[in-house]
Amino acid sequence: MSNSNIIDLCSDDEMGESNMKKCTREIEPGFDSASAPSVCPTPISRQFWKAGHYEEKQGQRCKAAIPYGKNHMRIHPMFLHSNATSHKWAFGAMAELLDNAVDEIQNGATFVSIDKMSTPRYGTPALLIRDDGGGMDPDAIRRCMSFGFSDKKSKLTIGQYGNGFKTSSMRLGADVIVFSRHLKSRSLTQSVGLLSFTFLRQVGYNKIVVPMVDYEFNSSARTFNPIIPHNEDQFSSNLTMLLQWSPYSTEEELLKQFDDIGDHGTKLVIYNLWLNDDGDMELDFDSDPKDICINGDKALSRMKPNQHVANLYQHSLRAYASILYRQLPQYFRIILRGRDVEHHNIASDLKYLQFIKYMPQIHGNMEVEIITAIGFLKEANTHGFNIYHRNRLILPFWRVLRIGTNSTGRGVVGVLEPDYIQPTHNKQDFEKTSLFQKLEDRLKQMTVEYWNKHCTLIGYQQVKRCPSATSRQQEPPSSTTQNCADQPSLLNSGSEYKSSGAGLIKKRKDLVDPPVKLQHAKRHKGFCGTDDVQYISEQPENSVEDMMQVSQKILLMQENKKLRLRLLSLDQTVQELNLKVQQLKDELENVQKHAGELENELTQTLLESYTLNKYEQHVC
């Protein structure tokens, strides 16, 4: 069990020790705990974008030098602020904390709750985030509090860099206290950790330290007892700093925060929330008692009731959280200020919905399949693509086209999930690689093609094609697709198609009570010759739900085909193994038979030898 003294967040030393190295209480000279303020003072500047600019006390810069003989770097408290500036948007930081709770679904989490609370010591607003996931044991919470350490190695988890908790909590407030309870192998532990920008600055630390205490449940006494692996002074030192700089003034009050966690889970209390440039609290808890908004946002005051989520997500956390994940288990709840957030599927709002397949090449000749849902969202007066990664929204309504005087692309909205490109650390953008550039080019082309074909359906005039574009379309297909690696393939690969002058027409015998009538399935030459198959409903009155069902059935058919192939391969493997087993059985039987024959021969030989000996004795 890890000890409960202060964590010193330094990097690895030359001996390879963890940068979660425990240290004794190293208070800077001049610090007197008895004379320290009993009420937590606020930072010099409560405005986030100014809080990182402060002058160090005279003589502190030289103390930050690396001591002779210790080959490790220190992390200055200023890094907490500079690291948090990666989040330009407060809701982006909030999303990181939601991600941590969603990742706990695999450990049994059923909800994450976000609410406003009032700190018991100061009476100021604080942000409360709680989940019922697996929680963290003393070792895990120390990894959480350290930089770059992450236990999330699964492809199903969103987090992977080991930095999200620090950047997001420090972006929302100057201080955060973490309560976590963990049950493992009949051992129930609970830990408290404090990451406080205020504490580090007021005390005068020139490195980041995190006071932490741990407790373990005593089943016989039915109480939680402190974990003290070395001496009581270390535990007492940490507890003193926690009570001095946190919103809780007694140990009893501190431990009472575990009452609503249960046997496992984690709770964050972010306090000393940042102010905006106008001196107002950045998060607005008052405009809507069931929501959290961005304070001072003039666009929010102009919002009309029943606005589409595309117009609200930048100002309303409830709207943003409703589209933050493409899919969530039905049993998992996001609770915002006491009311569930209703999941919103953007694709279900689109009119004249189409599904377009894009198959880029990655890692040499390897292809991946990306299906984009695209359609019109005229009511929201917006356009762009909602790009997800591992089920998490990275770019909401990303505008790949600038709307010109001819309105090309206006109202065109798409949804896709290209997991083959990597997001940036703040999960608000993608790394600008060549694969991302190709995707951007393809989405631009996709938008223009869709607009030119269907803009008349929503009242716009079709833009006349220039002669060069027309002449290019009249070129023989071989001139553009001869050297292309992407071959045309249909979403409904299980159906038969026959060629015609107008494109690929599905045979009538396959159209037996389809859920939605399909007008046509044309082949469009995409970026670099990529072929896409597009489906559009024949009649506008066809519901989006029906189109979504068709898409789901198509995807299920493809997945079914893959599973069948895999099953055939497994069956073949089983047959080969059964054949080997039978061969081994036959060989074993032959060996046993031969062994029996040898045993009989040996018995016969021994009997003959015994008889011969008896005869010789008798003769003598």
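Since the model is a prediction, treat every value here as computed from it, not as a measurement.

**Quick notes on the overall build of the chain**
Thinking step 1. Broken down by element type, the chain carries 16 helices and 24 strands.
Thinking step 2. Here the chain holds 620 residues, and the buried ones make up 47% of them.
Thinking step 3. Sequence-distant contacts, at least 24 apart, represent 68% of the contacts inside the chain between residues at least 6 apart.
Thinking step 4. With the model as given, the accessible surface of the chain reaches about 32,800 Å², and the carbon-plus-sulfur share is 50%.

**Some points on helix 5 (residues 138-145)**
Thinking step 1. In terms of burial, helix 5 is largely enclosed, as six of its eight residues are buried.
Thinking step 2. Among all positions of helix 5, only Pro138, Ala140, Ile141, Arg142, Cys144 and Met145 are buried.

**Observations regarding the sheet that holds strand 7 (residues 212-218)**
Thinking step 1. Taken in spatial order, the nine strands make up an open sheet running 8-7-5-4-9-3-2-12-13, and their pairing is mixed. The open sheet has two free edges, formed respectively by strand 8 (223-226) and strand 13 (339-340), since each of these has just one partner strand.
Thinking step 2. Two strands pair when backbone bridges link them, and strand 12 (residues 333-336) and strand 13 are joined in this way by two bridges, in the antiparallel orientation. Bridge assignment links isoleucine 335 to a residue of strand 13, and that residue is aspartate 340.
Thinking step 3. Helix 8 (residues 232-245) rests against strand 4 (173-184), strand 5 (187-196), strand 7, strand 8 and strand 9 (265-273) of the sheet, and its axis sits at about 110° to strand 7.

**Digging into the pairing of strand 8**
Thinking step 1. Across four bridges, the pairing between strand 7 and strand 8 is antiparallel. Pairing of phenylalanine 217 across the sheet is with phenylalanine 224, part of strand 8.
Thinking step 2. From the end of strand 7 to the start of strand 8, which pair antiparallel, there are four residues, and arginine 222 there has a positive phi angle of about 60°.

**Considering the nonpolar core**
Thinking step 1. By size, the foremost hydrophobic cluster in this structure holds 100 residues, and its most contacted members are Leu127 and Ile177.
Thinking step 2. The biggest single contributor to this core is helix 4 (residues 90-103), with nine residues.
Thinking step 3. Isoleucine 177 has contacts with Val192, Gly193, Leu194, Leu242, Ser246, Tyr248, Leu254, Lys267, Leu268, Val269 and Tyr271, leaving out every residue within four places of it along the chain.
Thinking step 4. Core analysis: the second largest hydrophobic core is formed by 28 residues, Ile356, Ile362, Phe376 and Met446 among them.

**Remarks on the confidence of the model for the chain**
Reading predicted coordinates in detail is not appropriate for stretches of low pLDDT.
Thinking step 1. Considering every residue of the chain, the mean pLDDT works out to 77; 70% of them sit at 70 or more.
Thinking step 2. In this model, residues 1-5 is a region of pLDDT below 50 whose contacts with residues beyond four sequence positions or in other chains number 31 contacts.
Thinking step 3. Taken together, the stretch residues 536-542 has pLDDT below 50 and engages in 19 contacts with residues farther than four places along the chain or on a different chain.

**Regarding a nonpolar patch on the surface**
Thinking step 1. Taken together, Leu612, Tyr615 and Val619 make up a surface patch of nonpolar side chains, about 330 Å² in accessible area.
Thinking step 2. Within the secondary structure layout, valine 619 lies in helix 16 (residues 544-619).
Thinking step 3. Exposure remark for valine 619: the relative accessible area of 55% places this residue in the exposed category.

The rules behind these values
Residues numbered from 1 in each chain as written. Predicted model: local features only at pLDDT ≥ 70, side-chain atom pairs only at ≥ 80, totals over all residues. Heavy atoms only, no water. Helix = DSSP H or I, 4+ residues; strand = E, 2+ residues; numbered from the N terminus. Buried < 20%, exposed > 50% of the residue type's maximum accessible area, 1.4 Å probe, protein only. Contact = heavy atoms within 4.5 Å. Areas by Shrake-Rupley, 256 points an atom, 1.4 Å probe, with all protein chains shown as cover. Pairing = 2+ DSSP bridges. Axes fitted to C-alpha atoms, helices over the stretch in contact; angles between N-to-C directions. Core = buried A, V, L, I, M, F, W, Y, C linked by side-chain atoms within 4.5 Å. pLDDT = per-residue confidence, 0-100. Patch = residues over 30% accessible without salt bridge, like charges linked within 9 Å, V, L, I, M, F, W, Y side chains within 5 Å. Salt bridge = Lys/Arg side-chain N within 4 Å of Asp/Glu carboxyl O.

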